[in-house]
Amino acid sequence: MGLFSHKEAIRLPSRDIHNHLLPGVDDGFRHKGSSLEAIRRLADNGCRELVLTPHKNPEIYNTDEAFLRERFAAFVQEVPAEWGVKMALAAEYMIVPGFEARAADPELLTYEDGSILIEMSYYYRSENLERTVFELALAGRKPILAHPERYIYMAETLHDFNRLADQGCRFQMNWMSLTGTYGEGSLRILRYLLENDMYSFICTDLHTVQQLGSILSIRLDRKLLRAVDKVLSTY
Ligand SMILES: [Fe+2]
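Residues numbered from 1 in each chain as written. Predicted model: local features only at pLDDT ≥ 70, side-chain atom pairs only at ≥ 80, totals over all residues.

Caption draft 1: Here's a closer look at the overall build of the protein chain. A count of helices and strands for the protein chain gives seven helices and eleven strands. Computed over the C-alpha atoms, the radius of gyration of the protein chain is 17 Å, within 12% of the 18 Å expected from 2.2 N^0.38 for a compact globule of 235 residues. If one aligns the C-alpha atoms of the protein chain with their principal axes, the spans along those axes are about 55 × 45 × 30 Å. Pairs at least 24 apart in sequence give 81% of the contacts found in the protein chain among residues at least 6 apart. (Helix = DSSP H or I, 4+ residues; strand = E, 2+ residues; numbered from the N terminus. Rg over C-alpha atoms; globule rule 2.2 N^0.38 Å. Contact = placed C-beta atoms within 7 Å.)

If you want it as structure tokens, here you go:
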């Protein structure tokens, strides 16, 4: 019996709503070929409903929603129909100063149900986080905060997540965060949100084919796997 014999493999859910599979538009997949390879592997692993979420950050990427819609429409044609993969487009919006002013903008790339994926820098908290969540909720767009466990500057103020949840914000975990690769502060946030049933989604946030290999080789102990399955059972 090896030390890790009690660990078990994860199983991807049938739907991934956060990834950078749309090639050539952000720091995710650069080329069509590697993106198609990843989509094929995801499908082989039971993940056949993909919502592509390119970064939308006007401070870094000069891409507007119309451009992303065009690129997505062209890319979808490249995915062989026999793979049986359902694809949709949303986006991952960086909470930059003033973003809340766009809360009701009909151009925003949201999920089908009107939810919207938002993120912050890994280094500092957006001053307008609460205001953005409030304005989005008011506009009927349920915000989903991407990988809260990666905002390690929030590890000392865990109750802020409860306030955000009260405002209608949901939380999305990244698979790789479960491995502890982002450090103790990240794990503290992850455990808090998991133990308090505050995660609504677990996603790949996939940027490269290599990352998919890392995700598929994640092994978790039974307790953690049960907590993960509980999140996945809700969608
Ligand atoms: Fe992302």
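Caption draft 2: Quick look at the sheet that holds strand β3 (residues 49-52). Pairing is parallel across the open sheet formed by three strands, whose spatial order is β2-β3-β5. The open sheet has two edge strands with one neighbour each: β2 (15-16) and β5 (86-89). For β3 and β5, the ladder comprises four bridges, and the chain directions are parallel. Across the sheet, residue Glu49 finds its bridge partner in β5, namely Lys86. (Pairing = 2+ DSSP bridges.)

Caption draft 3: Molecular detail of the pairing of strand β8 (residues 143-146). Residue alternation in β8 divides its side chains into two sets, Pro143 and Leu145 and Ile144 and Ala146, and both sets are buried. One ladder, built from three bridges, connects strand β7 (residues 116-119) with β8; its direction is parallel. Each residue of the ladder has a partner; that of Ile118, found in β8, is Leu145. In this view, the connection linking β7 to its parallel neighbour β8 by way of helix α3 (residues 129-138) has right-handed handedness. Relative to strand β9 (residues 170-174), β8 runs parallel, the two being bridged by three bridges. By the bridge assignment, Ile144 is partnered in β9 with Arg170. Assessed by its sense of winding, the connection that carries the chain from β8 through helix α4 (residues 159-166) to β9 is right-handed. (Buried ≥ 20, exposed ≤ 12 C-beta atoms within 10 Å, placed from the backbone. Right-handed = clockwise from strand over helix to strand, strands pointing away.)

Caption draft 4: Inspection of the nonpolar core at higher detail. Membership of the largest hydrophobic core comes to 56 residues, with the highest contact counts inside it found for Leu21, Leu117, Ile118, Tyr199 and Ile202. Beyond its immediate stretch of four places on either side in the chain, Leu117 contacts His18, Thr53, Ala90, Ala91, Glu92, Tyr93, Ile144 and Ala146. (Core = buried A, V, L, I, M, F, W, Y, C linked by C-beta atoms within 7 Å.)

Caption draft 5: Molecular detail of the sheet that holds β7. Pairing in this open sheet of six strands is parallel, and the strands run β4-β6-β7-β8-β9-β10 from one edge to the other. Two strands close off the open sheet at either side, each with one partner strand: β4 (55-56) and β10 (199-203). Across three bridges, strand β6 (residues 92-94) lies against β7 in parallel orientation. For Met94, the partnering residue across the bridge sits in β7 and is Glu119.

Caption draft 6: Representation of unusual backbone geometry. For His147, which is not a glycine, the phi torsion comes out positive at approximately 30°. Examined against the element boundaries, His147 turns out to sit in the loop between β8 and α4. Residue classification places His147 among the buried residues on the basis of 23 C-beta atoms within 10 Å. Non-glycine residue Asp197 carries a positive phi angle of around 55°.

Caption draft 7: Region of the structure containing the environment of Met120. Its place among the elements puts Met120 in the loop between β7 and α3. A count of 22 C-beta atoms within 10 Å places Met120 in the buried class. A C-alpha to C-alpha distance of 14 Å links Met120 and Ala91, two positions 29 residues apart in sequence. What Met120 contacts, discounting residues up to four positions off in sequence, is Ile95, Arg125, Ser126, Leu129 and Tyr151.

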